[in-house]
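So the chains spell out like this:
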Amino acid sequence: MDAVISGVGQSQIGRRINRDPLELTVDATLAAVEDAGLTLADIDGIATYPGNMDVPPGFSGGGVTELQEALRLNLNWFAGGIEAPGQLGSVISACMAVACGLARHVVCFRTVWEATAQGQKGRSSAMPGIGAAEGGASSFRVGSFMQWSLPFGAPSAVNWIAMMAQRHFHEFGTTREQLGWIAVNARRNAGLNPNAIYRDPMTLDDYLAARMISSPLCLYDCDVPSDGSTAIIVSAPDTAADLRRPPVRVESVGTAIHGRPSWDQWDDLTTMALRDAAAMMWRGTDLTPADVDVAECYDGFSFIALCWLEALGFCGKGEGGPFVEGGERIALDGALPLNTHGGQLSAGRLHGYGFLHEACTQLWGEAGDRQVAGDPEVAVAAAGGGPLGGCLLLTKG
Amino acid sequence: MVTSVTDQPFRLLPRVTTHTKPFWTGGADGKLRFQRCGDCGYWLHPPGPICPECLGKNLVTDDASGDATLHTYTVNHQSWYPGLDPPYVVAIVDLPEQAGLRLTTNLVDCALDDVRIGMALRVVFEQYDDVWLPFFEPAGSSGAGGMAET
């Protein structure tokens, strides 16, 4: 694809930092623009996921309009919305915009403030219809796709993903002892990332002892609600001379979904839409899974990362459990370093964009104590689960 | 307005529309009811405006057998709503009427230790207001209808 990534930036990241989410967005944007070696006058596009939304609380930190107004940007192109191939679908849209000549430098952002929004009450306070349950709105009724799961006490993606994991366990013999290595590996890497949320060491025994949330997924299979903003600058390749350093090339992208866009009617519940996105990404390149030096795969729940590993061809279908078992292969010094910043499981739920930020940081050799050795040249950034999935194959410029 | 004391757990209820009414109210007749193509016989769930198989618009309502097998499940331990106490089993069941025709539901009247993927199930309904929620219990069970318990 005729697009490059020229800069990345993040705001303060943390738990319940009680800061204006738009201010976080602005901080990340300014950091990314500076990182690229550009000025705000160079920015002529904005892309974001999911756009401005009031519910669920903390899920959105403003949309295109809010950022444009805050920084008084002059835009030639913009797009924001939730109907996209995963959170990184917004970045892929920006790649298309610069490839088509609609814009030169697009700031893409994702801002969350779920930790602050949920306060001390935790995730349950963000569940749809919670007001009705607390006696606030007795006439509340559920529409859309949520009507097929909410009446059955399954309001959270943890329930839906758990049922996919259980089916995977059933068909392929996958175990919690295997799945846990994705969480343990993430924590190990987070210990080397000063911006990660949870950095204390965690063992597989710690993982197995954690309370169950929705079997077979326990607390440590779930990412940690956080506050923070990530910004990515997507640029036209012919702007390279204007940039601070050689940009990261977007080699190929995947956006496909070939089955029903549903959490329970999907044809094969041991995989997800990411199956089709990953296949499409490989169709668009001569590179192969063996060429990948770093894999940053969405772990909103650990099982999603396992599905990405299979879909991306790092192992065969159903072989994700044995692939991650023991944690050596996916370690920083392993054959396929995975989620080198700590993933969302330990570095915080920055919702997809954190993986792309880390992939670029690794390719630029700027990851500090967690830098993968050997000068990595090819990285995958993949985000989304269930009917949402999108991925990018990136190469060093 | 009459307020009645009930021991039913809290349930968020669906908004009943013309399309979804047969599904959400079929339990009044003890029937698991779906939209179906009157031309090619394809079962549609969720209901839609056209048959995705033959593009026919002759869509009718039909009764499924009420039988199912357990495709996958999760034991939910998290308390999401006051009045809906964990643990309980959320399940996705396969219906024999058509490959890939599935429902998300709750498994009831079944001990947690007895839940097995592939087990034979039978629909049971519970009325909440104007909605009859379809739950599933092990085939041949007593029909006592309690939430799955340890």
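Calculation rules
Residues numbered from 1 in each chain as written. Chains lettered and ligands numbered in written order. Predicted model: local features only at pLDDT ≥ 70, side-chain atom pairs only at ≥ 80, totals over all residues. Helix = DSSP H or I, 4+ residues; strand = E, 2+ residues; numbered from the N terminus. Rg over C-alpha atoms; globule rule 2.2 N^0.38 Å. Buried ≥ 20, exposed ≤ 12 C-beta atoms within 10 Å, placed from the backbone. Axes fitted to C-alpha atoms, helices over the stretch in contact; angles between N-to-C directions. Parallel < 35°, antiparallel > 145°, perpendicular 65-115°, else oblique. Left-handed = near helix turned anticlockwise from the far one by under 90°. Contact = placed C-beta atoms within 7 Å. Nonpolar A, V, L, I, M, F, W, Y, C, P; charged D, E, K, R; others polar. pLDDT = per-residue confidence, 0-100. Pairing = 2+ DSSP bridges.

Regarding its fold elements, chain A presents 13 helices and twelve strands. Computed over the C-alpha atoms, the radius of gyration of chain A is 20 Å, within 12% of the 21 Å expected from 2.2 N^0.38 for a compact globule of 397 residues. Dimensions of chain A along its principal axes, counting C-alpha atoms only, are 55 × 50 × 40 Å. For chain A, the proportion of its 397 residues judged to be buried stands at 59%.

To continue, consider the packing of helix α1 (residues 21–36) of chain A against helix α2 (residues 64–71) of chain A. Residue and element names in this part refer to chain A. Contact geometry for α1 and α2: axes closest at 10 Å, N-to-C directions at 70°. The angle between the axes of α1 and α2 places the two elements in the roughly perpendicular class. For the element pair α1 and α2, the recorded crossing hand is right-handed. Between α1, through Leu22, Thr25, Val26 and Thr29, and α2, the contact on the second element is made entirely by Glu66, Leu67, Ala70 and Leu71. A breakdown of the residues in the contact of α1 with α2 according to their chemical character gives five nonpolar, two polar and one charged.

For the rest of this paragraph, the subject is the confidence of the model for chain B. Predicted confidence across chain B gives a mean pLDDT of 92, with 90% of residues reaching 70 or more. Every residue in residues 1–5 of chain B scores below 50 in pLDDT, and together they form zero contacts with partners more than four places removed in sequence or on other chains.

Each partner contributes to the interface: chain B provides 31 residues, whereas chain A provides 34 residues. Listing elements by their share of the side of chain B that touches chain A, those giving two or more residues are β1 (13–14), β5 (67–76), β6 (88–94) and β7 (102–107) of chain B. Ranked by residues supplied to the side of chain B that touches chain A, first place goes to β5(B) with six residues. When its residues are assigned to classes, the side of chain B that touches chain A shows 16 nonpolar, twelve polar and three charged.

All names here are of chain A. At a minimum axis separation of 9 Å, helix α9 (residues 274–283) and helix α10 (residues 302–311) run at an interaxial angle of 35°. Like other packed secondary-structure pairs, α9 and α10 cross with a definite hand, here right-handed. Every residue of α10 that contacts α9 at Leu274, Arg275 and Ala278 is listed here: Cys307, Trp308 and Ala311. Looking at the contact of α9 with α10 residue by residue, the classes come out as five nonpolar, no polar and one charged.

Take the environment of Val324(A) next. Residue and element names in this part refer to chain A. Tracing the chain through its elements places Val324 in helix α11 (residues 320–324). Residue Val324 is classed as buried on the basis of its C-beta count, with 28 C-beta atoms lying within 10 Å. If sequence neighbours within four positions are ignored, Val324 has contacts with Gln178, Trp181, Ile182, Leu306 and Ile330.

Moving on, we get to the sheet that holds strand β2 (residues 32–37) of chain B. All names here are of chain B. Pairing within the open sheet is antiparallel, and its three strands lie in the order β3-β2-β4. Every interior strand has two partners, whereas the edge strands, β3 (43–44) and β4 (59–64), have only one. Sheet analysis places β2 next to β4, joined by six bridges and oriented antiparallel. For Gln35, the partnering residue across the bridge sits in β4 and is Thr61.

So, about the sheet that holds strand β1 (residues 4–10) of chain A. All names here are of chain A. Reading across from one edge, β3-β2-β4-β8-β1-β9-β12-β11-β10 is the order of the nine strands in this open sheet, with mixed pairing throughout. Both outer strands of the open sheet, β3 (77–80) and β10 (294–297), are each paired with one neighbouring strand and no more. Neighbouring strand axes in the sheet, compared pairwise and without regard to direction, differ in orientation by 25° on average. Relative to strand β9 (residues 248–254), β1 runs antiparallel, the two being bridged by two bridges. Paired with Ile5 across the two strands is Val248, which belongs to β9. Here α2 sits on the sheet and contacts β2 (45–48), β3 and β4 (105–113); the angle it forms with β2, its principal contact strand, is near 140°. Contacts from α9 reach β9, β11 (378–383) and β12 (390–395), with the element oriented near 130° to β9.

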